[in-house]
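# Examination of the molecular architecture
Now for the letters of each chain:
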Amino acid sequence: MAYSDKVVDHYENPRNVGSLDKNDETVGTGLVGAPACGDVMRLQIKVTDDGRIEDARFKTYGCGSAIASSSLVTEWVKGRTIDEALAIKNRDIADHLALPPVKIHCSVLAEDAIRAAISDYKTKKGLD
Amino acid sequence: MKCWRCQREYGDRDFICPECGALQGPRPDLSHFDRLEMSPSYHIDTADLADRHRRLQRQFHPDRHASRSAVERRFSLEHATALNDAFRVLKDPVKRAEYMIGLRGLDMRDESNQIKLPPMFLMEMLELREALDELSGSDTHVERGRIEHDVASRYERTLDALGAGLDGTDASIVVLAQYAAQLKYLKRILEDLHALAD
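The structure reproduced in this document is the subject of the present report. Computed from a predicted model, the values in this text were never measured in an experiment. (Residues numbered from 1 in each chain as written. Chains lettered and ligands numbered in written order. Predicted model: local features only at pLDDT ≥ 70, side-chain atom pairs only at ≥ 80, totals over all residues. Heavy atoms only, no water.)

### Quick word on the overall build of chain B
Helices and strands together make up the secondary structure of chain B, namely 7 helices and 0 strands. Listed by position from the N terminus, the elements making up chain B come as α-α-α-α-α-α-α. Scaling as 2.2 N^0.38, a compact globule of 198 residues should have a C-alpha radius of gyration of about 16 Å, whereas chain B reaches 22 Å, well beyond that. Each principal axis of the C-alpha distribution contributes one length, and for chain B these read about 70 × 40 × 30 Å. Expressed as a percentage of its 198 residues, the buried residues of chain B come to 40%. For chain B, contacts bridging at least 24 residues in sequence account for 62% of all contacts bridging at least 6. Counting every atom, chain B has about 11,400 Å² of accessible surface; 51% of that belongs to carbon and sulfur. A gap of 8 Å separates the mean positions of the 29 positive and 35 negative side-chain charges of chain B. (Helix = DSSP H or I, 4+ residues; strand = E, 2+ residues; numbered from the N terminus. Rg over C-alpha atoms; globule rule 2.2 N^0.38 Å. Buried < 20%, exposed > 50% of the residue type's maximum accessible area, 1.4 Å probe, protein only. Contact = heavy atoms within 4.5 Å. Areas by Shrake-Rupley, 256 points an atom, 1.4 Å probe, with all protein chains shown as cover. Lys, Arg positive; Asp, Glu negative; His and termini not counted. Charge placed at Lys NZ, Arg CZ, Asp CG, Glu CD.)

Below you can see the structure in the form of structure tokens.
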């Protein structure tokens, strides 16, 4: 299967790979998996006091589309407020990367990961 | 079932019409277990499975049906293919388990299915992956061997639990699917470990 140029770019030069301190009060960690293919994705956000995402990191073990989806999402969430980040839909990710139908679940995984990271942050802050 | 040639009814187990002797096509509604004339169970005797496959396969060998009509020769080939598919799935412990979960209505290959794995498991898988990434240099084969041993024994334990669950009555379909999904993760890690060793 041919990957789009954008997927190849993110795969070869992934943005924001790595980790943030998961015990930091201002860091939210989302950990999600795609059982059908054995992928695992961790997405972390660091949030300022006024609710803006100042940093994001990811680590994904999976196919090129899963890596590209999570890499793209870390770029997109930086500088956004939590609510703005929650508005990112898997459709946006899939469209931007031109994912084929069989790889749509990779973008779903990335959306799930943002939601999980934000939910973890909110729980830590007692915002839920 | 009705014979395609003489339109008379024939028995569930017949593949040759008792009235006119015509060879019938394979029934689409049979499970892999039905096809190999076994009761559906995870714990099967694989030698017995291979014997059944060989015995049934002989009945559909092209040489035995060479003098039949084109339709019947095609049917004999379809029987042989269906038997091979059934054998290929049932002889493999993981494929057999996934197939049995499928018989209960959940398709493990469907990426949109909503199997959620425990966060603790996902964290362990990520940590294992990170540990593998850090393996480099000369004295890592001991560490790699240790990880491989741990993952392999965990794989066996999970497969045992899945098999017990499939043959028992207590485990829910969700629990079974979680075991099967965990096997996928563990297997991927084992495959990557083997690739590292090469």
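Having put the structure on the table, let's press on.
### Focus on the layout of surface pockets
Here the largest pocket defines a volume of roughly 720 Å³. Lining the largest pocket are 33 residues, and of these A:Leu31, A:Val32, A:Gly33, A:Leu109 and B:Leu122 sit closest to its centre. Contributions of two or more residues to the lining of the largest pocket are made by strand E1 (27-34), strand E2 (39-47) and helix H5 (104-125) of chain A together with helix H5 (119-133) of chain B. If you go around the second largest pocket, you meet 21 residues; those closest to its centre are B:Val94, B:Lys95, B:Glu98, B:Arg109 and B:Lys184. Among the secondary structure elements, those contributing two or more residues to the lining of the second largest pocket are helix H3 (70-91), helix H4 (93-103) and helix H7 (173-197) of chain B. The dominant element in the lining of the second largest pocket, judged by the number of residues it contributes, is H4(B), at 6 residues. A breakdown of the residues in the lining of the second largest pocket according to their chemical character gives 9 nonpolar, 2 polar and 10 charged. (1 Å grid on protein atoms, 1.4 Å probe; cavity = no way out; pocket = protein on both sides within 12 Å on 5 of 7 lines; lining within 4 Å. Points joined across faces, edges and corners; volume = space filled by probe spheres on them. Nonpolar A, V, L, I, M, F, W, Y, C, P; charged D, E, K, R; others polar.)

### So, the packing of helix H6 (residues 141-167) of chain B against H7(B)
All names here are of chain B. The geometry of H6 relative to H7 is characterised by a closest axis approach of 9 Å and an angle of 155 degrees between their N-to-C directions. In this view, H6 runs roughly antiparallel relative to H7, as classed from their interaxial angle. The two elements H6 and H7 cross, and the hand of that crossing is left-handed. (Axes fitted to C-alpha atoms, helices over the stretch in contact; angles between N-to-C directions. Parallel < 35°, antiparallel > 145°, perpendicular 65-115°, else oblique. Left-handed = near helix turned anticlockwise from the far one by under 90°.)

### Focus: the interface of chain A and chain B
Taken together, the contact between chain A and chain B spans 16 residues of the former and 17 residues of the latter. Contact between chain A and chain B buries roughly 1,500 Å² in total, counting both sides, with carbon and sulfur atoms accounting for 63%. On inspection of chain A and its partner chain B, the count reaches 3 salt bridges. The residue A:Lys59 makes a salt bridge to B:Glu130 at a minimum N-O spacing of 3.7 Å. (Buried area = accessible area lost by both parts, 1.4 Å probe. Salt bridge = Lys/Arg side-chain N within 4 Å of Asp/Glu carboxyl O.)

### Focus: the packing of aromatic side chains
Residue and element names in this part refer to chain B. Counted under the stated rule, the structure contains 4 aromatic pairs over all chains. Seen from their ring centres, phenylalanine 15 and phenylalanine 60 are 4.7 Å apart, and the 55 degrees between their planes marks the pair as tilted. Highlighted residues: phenylalanine 15 in the segment before helix H1 (32-35) and phenylalanine 60 in the loop between helix H2 (46-59) and H3, separated in sequence by 45 residues. Residue phenylalanine 60 is classed as buried on the basis of its relative accessible area, which comes to 5%. Positioned above the aromatic ring of tyrosine 42 is the side chain of arginine 96, whose terminal nitrogen or guanidinium carbon lies 4.5 Å from the ring centre. (Phe/Tyr/Trp six-rings, centres within 6.5 Å; stacked < 30°, edge-to-face > 60°. Lys NZ or Arg CZ within 6 Å of the ring centre and 35° of its normal.)

### Notes on the side chain of A:Ser69
Residues and elements named next belong to chain A. The topology assignment puts serine 69 in helix H2 (residues 64-77). By relative accessible area, serine 69 is classed as buried at 0%. Side-chain polar atoms of serine 69 contact the backbone oxygen of serine 65, separated by 2.8 Å. (Polar contact = N/O pair within 3.5 Å; in protein donor to acceptor, adjacent residues only side chain to side chain.)

### Remarks on the side chain of A:Asn16
All names here are of chain A. Residue placement: asparagine 16 occurs in the loop between helix H1 (5-12) and E1. The class of asparagine 16 is buried, set by a relative accessible area of 18%. Here lysine 78 takes part through its side chain, which lies 2.9 Å from a polar atom of the side chain of asparagine 16. Ignoring any residue separated from it by four or fewer positions in sequence, one finds asparagine 16 in contact with Ala56, Arg57, Phe58, Thr74, Glu75 and Lys78.

### Concerning the nonpolar core
B:Leu36, B:Ile101, B:Met108, B:Leu162 and B:Leu166 are the most contacted members of the largest nonpolar core, which totals 50 residues. Contributing elements (two or more residues each) for this core: H2, H3, H4, H5, H6 and H7 of chain B. Looking at this core, the element that brings in the most residues is H7(B), giving 10 residues. Of the domains in this structure, domain 1 (1-91) and domain 2 (119-197) of chain B are the two that each give at least three residues to this core. Here B:Leu162 is in contact with B:Ala97, B:Ile101, B:Leu176, B:Tyr179, B:Ala180 and B:Leu183, once residues within four sequence places are set aside. A:Val7, A:Leu72, A:Val73 and A:Tyr121 belong to the second largest nonpolar core, which has 31 residues in total. (Core = buried A, V, L, I, M, F, W, Y, C linked by side-chain atoms within 4.5 Å. Domains from an automatic or database assignment.)

### Overview of H7(B)
Turn by turn, an α-helix covers 3.6 residues, leaving residues three or four places apart pointing in a common direction. Taking 1.5 Å of rise per residue, the 25 residues of H7(B) would be expected to cover 36 Å, and the 36 Å separating its terminal C-alpha atoms lies within 8% of that figure. Burial in H7(B) covers these residues: B:Leu176, B:Ala177, B:Ala180, B:Ala181, B:Gln182, B:Leu183, B:Tyr185, B:Leu186, B:Ile189, B:Leu190 and B:Leu193. The inward-facing, buried residues of H7(B) abut E1 and E2 of chain A together with H4, H5 and H6 of chain B. (Expected span 1.5 Å × (residues − 1).)

### Overview of empty space enclosed by the protein
Under the counting rule described, the total for this entry stands at 1 cavity of 30 Å³ or more. Here the largest cavity is characterised by a volume of approximately 40 Å³. Surrounding the largest cavity, A:Gly38, A:Val40, A:Tyr61, B:Met125, B:Arg129, B:Tyr185, B:Arg188 and B:Ile189 form its lining. Within the residue set of the lining of the largest cavity, elements represented by two or more residues are H5 and H7 of chain B. For the lining of the largest cavity, the element with the most residues is H7(B), which contributes 3 residues.

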